[in-house]
Amino acid sequence: MPKVCIAAYVYGVVQGVGFRFCTQHEAVNRGITGYAKNMDDGSVEVIACGESESVEELMVWLRQGGPRGARVDRVLTEPRAVEVFDGFKIRY
């Protein structure tokens, strides 16, 4: 399987609801590396690198609304150059 990296910007009610923690859990379960980070505009940036099928599964999970208490209005994605990350982290 080819490795890919995708940057996803998740908008809606996605801060203060455990979104980054749940995203980390979902990513680790799929063998995805990268990070989730709260942005100043209220969105969450997710960088996901791994097998293309696993990364796409994570993108579907993000679009479906993430954890309970979150509300996802839109997810913008763009391909990124493949990077090597040590696991999937929450960045601050």
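Here the structure is a predicted model, which is why all the values come from computation and not from measurement.

Draft legend 1. Up close: helix H2 (residues 52-63). Taking 1.5 Å of rise per residue, 12 residues should cover 16 Å, and H2 covers 16 Å from first to last C-alpha, within 8% of that figure. Ser-54, Val-55, Leu-58, Met-59, Trp-61 and Leu-62 are the residues of H2 that are buried. In a view along the axis of H2, the buried residues occupy a sector of 160°, so they form one face of it. Next to the buried residues of H2 lie strand E1 (3-13), helix H1 (19-29), strand E3 (44-51) and strand E4 (71-80). Trailing H2 by a residue or two, Gly-65 shows a phi angle of about 115°, which is positive.

Draft legend 2. How the structure looks around the UniProt feature "active site" (unreviewed entry) in the protein chain. UniProt annotation of "active site" (unreviewed entry) refers to Arg-20 and Asn-38 when read in the numbering used here. Sequence-wise these annotated residues cover 19 residues; spatially they are packed, their C-alpha atoms never more than 7.8 Å apart. As for its placement among the helices and strands, Arg-20 is situated in helix H1. For Arg-20, a relative accessible area of 19% puts it in the buried group. Dropping the residues within four chain positions of it, Arg-20 is found in contact with Ala-36, Lys-37, Asn-38, Val-44, Ile-90, Arg-91 and Tyr-92. For Asn-38, the location among the structural elements is in strand E2 (residues 33-38). A residue is classified by how much of its surface remains accessible, and Asn-38, at 25% relative accessible area, is partly exposed.

Draft legend 3. Representation of the UniProt feature "domain: Acylphosphatase-like" (unreviewed entry) in the protein chain within the structure. UniProt's feature table lists "domain: Acylphosphatase-like" (unreviewed entry) at residues 5-92, given in the numbering used throughout. Each end of residues 5-92 is marked by a C-alpha atom, and these two atoms are 20 Å apart; helix forms 26% of the span and strand 42%.

Draft legend 4. Quick peek at the packing of aromatic side chains. Evaluation of the coordinates by the stated rule reveals two aromatic pairs. Pairing Phe-19 with Trp-61 gives two aromatic rings, centres 6.1 Å apart and planes at 40°, and the pair type is tilted. Of the two residues, Phe-19 sits in helix H1 while Trp-61 sits in helix H2, which places them 42 residues apart along the sequence. Take Phe-19 and Trp-61: they sit in the same class, and that class is buried. Between Tyr-35 and Phe-85, the aromatic rings sit 5.9 Å apart at their centres with planes inclined by 70°, giving edge-to-face as the arrangement. Taken together, the positions of Tyr-35 in strand E2 and Phe-85 in the loop between E4 and strand E5 (88-91) put the pair 50 residues apart, joining distant regions of the chain. Comparing Tyr-35 with Phe-85, the two get one shared label, buried. One Lys or Arg, Arg-74, reaches over the ring of Tyr-11 and ends 4.1 Å from the middle of that ring.

Parameters and conventions
- Residues numbered from 1 in each chain as written.
- Predicted model: local features only at pLDDT ≥ 70, side-chain atom pairs only at ≥ 80, totals over all residues.
- Heavy atoms only, no water.
- Helix = DSSP H or I, 4+ residues; strand = E, 2+ residues; numbered from the N terminus.
- Expected span 1.5 Å × (residues − 1).
- Buried < 20%, exposed > 50% of the residue type's maximum accessible area, 1.4 Å probe, protein only.
- Arc of directions from axis to C-beta.
- Contact = heavy atoms within 4.5 Å.
- UniProt positions renumbered as here; feature names shortened; annotations may be inferred.
- Phe/Tyr/Trp six-rings, centres within 6.5 Å; stacked < 30°, edge-to-face > 60°.
- Lys NZ or Arg CZ within 6 Å of the ring centre and 35° of its normal.

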